[in-house]
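Residue-level listing of the chains:
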Amino acid sequence: QVQLVESGGGLVQAGESLRLSCAASGVIFSITTMGWYRQAPGKERELVAAVTSGGSTNYADSVKGRFTISRDNAKNMVYLQMNSLKPEDTAVYYCNAHRNRWPQYDYWGQGTQVTVSS
């Protein structure tokens, strides 16, 4: 059974920092691309950051230079360090585990709320 459990969300003021964590179980973590997505009210879900099994990273332009994604394969954990938060970062943040090749899968956590006040 696959589980992705996010933690670390909360309410902060603009300019503050948060670190999100995602604990994965039920997948072979080392061969899985891990990502963080977010969805704000009235907006489509968007990719925030992703890290491949080989360690390559990809960031949305809106967070580049402020957010950092990292993974710890020994602990089956992925993190999102969010610095210099802005009100427009307010959203529910979802952890994602994805593979394009066999075995193919796409799993999602329940999400954690991040609210940034101005």
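As a starting point, this report considers the structure included with it. Please read all numbers here as calculations on a predicted model, not as lab measurements.

Here we look at the environment of Arg101
With respect to the helices and strands, Arg101 occurs in the loop between strand 9 (91-99) and strand 10 (105-108). Along the primary structure Arg101 and Ser53 are separated by 48 residues, whereas in three dimensions their C-alpha atoms are 13 Å apart.

Section: the packing of aromatic side chains
One pair of aromatic rings is described through two measures. These are the centre distance and the angle between the planes. Taken as a whole, this structure holds two aromatic pairs when the rule is applied. With centroids separated by 5.0 Å and ring planes inclined at 65°, the aromatic side chains of Tyr37 and Trp108 adopt a geometry described as edge-to-face. Of this pair, Tyr37 sits in strand 4 (residues 33-39) while Trp108 sits in strand 10; the two residues are 71 residues apart in sequence, bridging distant segments of the chain. Residue classification places Trp108 among the partly exposed positions, given a relative accessible area of 28%. The aromatic ring of Tyr37 is capped on one face by Arg45, whose charged end is 5.7 Å from the ring centroid. The ring of Phe29 has Arg71 sitting right over it, with the charged end atom 4.6 Å from the ring centre.

Concerning the sheet that holds strand 3 (residues 18-25)
Taken in spatial order, the four strands make up an open sheet running 1-3-8-7, and their pairing is antiparallel. Across the chains shown, the open sheet's two edge strands, defined by having one partner strand only, are strand 1 (3-7) and strand 7 (67-72). On average, each strand axis in the sheet is tilted by 15° relative to the strand beside it, whichever way the strands run. Two elements, strand 3 and strand 8 (residues 77-82), share six bridges in a ladder whose sense is antiparallel. Following the sheet pairing, Cys22 is matched in strand 8 by Val78.

Observations regarding the environment of Asn96
Residue position: Asn96 is located in strand 9. For Asn96, a relative accessible area of 3% corresponds to the buried category. The spacing of Asn96 and Asn76 is 20 residues in sequence and 13 Å in space, taken between C-alpha atoms. A polar atom in the side chain of Asn96 sits 2.8 Å from the side chain of Asp106. In terms of polar contacts, Asn96 uses its side chain to reach the backbone carbonyl oxygen of Tyr107, at 3.0 Å.

Quick word on the nonpolar core
Judged by nonpolar contacts, the single largest core of 29 residues is most densely connected at Met34, Trp36, Leu80, Met82 and Tyr93. Where this core is concerned, the elements lending two or more residues are strand 3, strand 4, strand 5 (46-51), strand 7, strand 8, strand 9 and strand 11 (112-117).

About the criteria used
Residue numbers restart at each chain and count upward from 1, following the sequence in its written direction. The model is predicted, so local features are restricted to residues of pLDDT at least 70 and side-chain atom pairs to those at 80 or more, both for listing and for counting; the totals for chains, interfaces and linings are taken over all residues. In computing side-chain properties, one takes all heavy atoms of the structure into account and sets aside hydrogens as well as water. Secondary structure is summarised from DSSP: a helix means a run of H or I of at least four residues, a strand means a run of E of at least two, and numbering begins at the N terminus for each. Aromatic rings from Phe, Tyr and Trp, taking only the six-membered ring of Trp, are treated as a pair when their centres fall within 6.5 Å; an angle between ring planes under 30 degrees marks them as stacked, one over 60 as edge-to-face, and anything in between as tilted. Relative accessible area decides the class of each residue, using a 1.4 Å probe on protein chains only: under 20% of the type maximum gives buried, over 50% gives exposed, and in between gives partly exposed. A ring is scored as having a charge over it whenever the NZ atom of a lysine or the CZ atom of an arginine sits within 6 Å of its centre and within 35 degrees of its normal. At least two bridges found by DSSP between two strands are what make those strands a pair. Between N-to-C directions, angles span 0 to 180 degrees; the directions come from axes that are lines fitted to C-alpha atoms, helices contributing only their stretch in contact. Between N or O atoms, a polar contact is any pair within 3.5 Å; within protein, one atom must be a potential hydrogen donor and the other a potential acceptor, and residues adjacent in sequence are included only when both atoms are from side chains. As used here, the term nonpolar core means buried Ala, Val, Leu, Ile, Met, Phe, Trp, Tyr and Cys residues forming a set that is joined through side-chain atoms within 4.5 Å.

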